[in-house]
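If you want the building blocks of each chain, they are given just below.
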Amino acid sequence: MLHLLYFWLLTLVCSCLAAAPSRTITKRDNSSFVNSGKDGFSVNGSSLRFIGTNLYWLPTLDSNDDIWNVLKNISDTGIKVIRIWAFNDVETIPDSGTWFQLVQNGTTTINDGPNGLQKLDTVVQMAEQQGLYVIMSLTNNWNPVPNTTAGNPPPQVLTSVTPPRNALSNDYGGMDLYVRQFALQNHDEFFTNDNILTAFQNYTKQIVLRYLDSPAVFSWELANDARCNSTMPTSATCTTQTITTWHAKMAAFIASLDTNHIVSAGTSGFQCTDCPKLYPITPTASPTPSPAPGKKRSKVTPLTKGQLIKQRAESRRLNRAAAKRAGTLKEDGIMIRGRWVSTATREVSSSIDSTTDGSSGVDSQDILNIPNIGFGSFQVFPDQESYGPDDPNLDPVQNKINSSLAWIQQSAQSAAAVGKPVVLNGFGLVTQDNLNNFVPFNMTYAPYASGSTAATDGTNAATTFANTTQQEEGYSSFLSMGNSAGLAGIMQYQWGSSGITQSSAAIQLDTTDTPTETGESPNDGYSIANNTAIQQILKQGAQAMAGDS
């Protein structure tokens, strides 16, 4: 059934996607810096399509040998691009460990020492030596604070062990830390408050100028998953235009400093088909570029609400047909003379879900059309986000994978209408074997850890989360769909390494009193440390992307 939907989506991709003129200013083709344009990425005169991986924690490793070995293992897999946090904000200076910037009482101090930006220097230099490019993300939407839940905290918060600093991707400071330390109340004030904007631009300037001449920097990613909401309150005035305006200001600011590198958006890909646009797509008088030999010229089709409803209805029809053939169709209507005359499962809601209704304050297509944005992004984390209504004829894992495949196709179509590259900058499926470590991005504890409420309340993790075979099939299908849809890059989340000598990175996220030192890099439920099957899938995906570039 999964394969049936995949082939239908693949056909839909071919009918919807086409190149469109880019508004990105293209630098010289033979530049050693990565360029972006209507045909994707290029460097040194050659096109570049890539498989990448995420490792936000890399600059926190104590040992330079560890950093080198991690990067070498990644390079040996055929991966070309890594994505890291180029920020590490703290509210008080820690006794040990890495930190880049102190944000305290409305003032900021940058740490240029050996446990500060010099660690970032090491990562960039070693990445270049290993032939890797680095996407430098400048801040994060998520920075929840442990044990500050309003009212009575759930038992998980009180009983869980707080992991060491920098173990989780949301423990590097970010937007909410600025808001707290500038004595403000709402998350979205990060995007609108002049004092915060000045402080963030000051930090951004220091990072951009530091690596101005480094060809190892792939792009400056303005933020990871910027949106109106977080774990802090949100004002009623935050809209898609709030987030788009901030991206436009920051992109223009960086472009005024650096003409060598691309500026990118790091959004989750949320869209709003009906929202007013600050950067509307305008029809071009020139025709679309000539198609490849043997291919028909196709028309760029901007994503619409009607298309989403039609696509979901067709997907549901195919799933029902496959279930009927297999004898597993869930009929729940009225039967007359052996025929079903009304069935609830045949109904398709015409409503658009939170990924496409603008409720998060994100319109990724409008952001991508900002002149100084070189490429867009989206993410696939179906254990944390819903990318469409579930089909009752599929099990939970199949629903997650199928909706993710549709989300990949939808995101590619949206970017094609703008005529700029788009990168899947993070995807992952949590397996049953990794549930004990799984910490959602908006939490500080593992809700399925041993002894937690979710682990003992009867939740059937065996069907809700993927087993290892389903994860392998899901990752393979994500890579295949992304390649077929013409994505410029696909990045797994997250890399994992064993044999790490840094004690603070050896984390077991459970509810015991003392975390077990495993010698592995941080694991928030997505690590692929010692997972040779997934690493081989990434290697094969890298070969396929390189062959099709």
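Draft legend 1. Structural view of the side chain of asparagine 260. Considering the arrangement of structural elements, one finds asparagine 260 in the loop between α8 (240–257) and β11 (262–266). Owing to a relative accessible area of 18%, asparagine 260 belongs among the buried residues under this scheme. At 3.0 Å, the side chain of asparagine 260 forms a polar contact with the backbone oxygen of leucine 212.

Draft legend 2. Here's a closer look at the sheet that holds strand β8 (residues 107–110). Spatial ordering of the open sheet is given by β6-β7-β8, a layout of three strands whose pairing is mixed. Since the sheet does not close on itself, it has two edges, and those belong to β6 (89–90) and β8, each with one partner. In the sheet, β6 pairs with strand β7 (residues 101–104) via two bridges, with the strands oriented parallel. Paired with valine 90 across the bridge in β7 is leucine 102.

Draft legend 3. Representation of the pattern of salt bridges within the structure. Tallied over the entire structure, the rule returns 10 salt bridges. Between aspartate 76 and lysine 72 there is a salt bridge; the shortest N-O distance is 3.0 Å. Remark: lysine 72 and aspartate 76 occur in helix α2 (residues 64–76); sequence separation between them is four residues, near one turn of the helix. One salt bridge in this structure joins lysine 277 and aspartate 363, with 2.5 Å as the shortest N-O distance. Taken together, the positions of lysine 277 in the loop between β11 and α9 (305–326) and aspartate 363 in the loop between β13 (339–342) and α10 (364–368) put the pair 86 residues apart, joining distant regions of the chain. A relative accessible area of 29% places lysine 277 in the partly exposed class. Exposure remark for aspartate 363: the relative accessible area of 1% places this residue in the buried category. What you see here is one network of salt bridges that share partners, running through Asp112, Asp121 and Arg210.

Draft legend 4. Expanded view of the sheet that holds strand β2 (residues 40–43). Pairing is antiparallel in the open sheet, where three strands are placed in the order β1-β2-β3. Here the strands that pair on one side only, and so sit at the sheet edges, are β1 (35–37) and β3 (46–48). Strand-to-strand twist in this sheet, taken as the mean axis angle between neighbours without regard to direction, amounts to 40 degrees.

Draft legend 5. The arrangement of the state of the cysteines in detail. This structure, assessed with the given rule, holds two disulfides. Sulfur-sulfur distance for the disulfide between cysteine 228 and cysteine 238 comes to 2.0 Å. Classification of the bridge connecting cysteine 228 and cysteine 238 rests on its S-S torsion, roughly -85 degrees, and on that basis the disulfide is left-handed. Of this pair, cysteine 228 sits in the loop between β10 (217–224) and α8 while cysteine 238 sits in the loop between β10 and α8, and the two are 10 residues apart along the sequence. The same class applies to cysteine 228 as to cysteine 238, namely buried. A sulfur-sulfur distance of 1.9 Å marks the disulfide that ties cysteine 272 to cysteine 275. Residues cysteine 272 and cysteine 275 are joined through a disulfide that is right-handed, its torsion about the S-S bond being 75 degrees. For the residue pair cysteine 272 and cysteine 275, the accessibility class agrees, reading buried in each case. Sequence-ordered numbering of the bonded cysteines in the chain yields a pairing of 1-2, 3-4.

What counts and what doesn't
Residues numbered from 1 in each chain as written. Predicted model: local features only at pLDDT ≥ 70, side-chain atom pairs only at ≥ 80, totals over all residues. Heavy atoms only, no water. Helix = DSSP H or I, 4+ residues; strand = E, 2+ residues; numbered from the N terminus. Buried < 20%, exposed > 50% of the residue type's maximum accessible area, 1.4 Å probe, protein only. Polar contact = N/O pair within 3.5 Å; in protein donor to acceptor, adjacent residues only side chain to side chain. Pairing = 2+ DSSP bridges. Salt bridge = Lys/Arg side-chain N within 4 Å of Asp/Glu carboxyl O. Axes fitted to C-alpha atoms, helices over the stretch in contact; angles between N-to-C directions. Disulfide = S-S within 2.5 Å.

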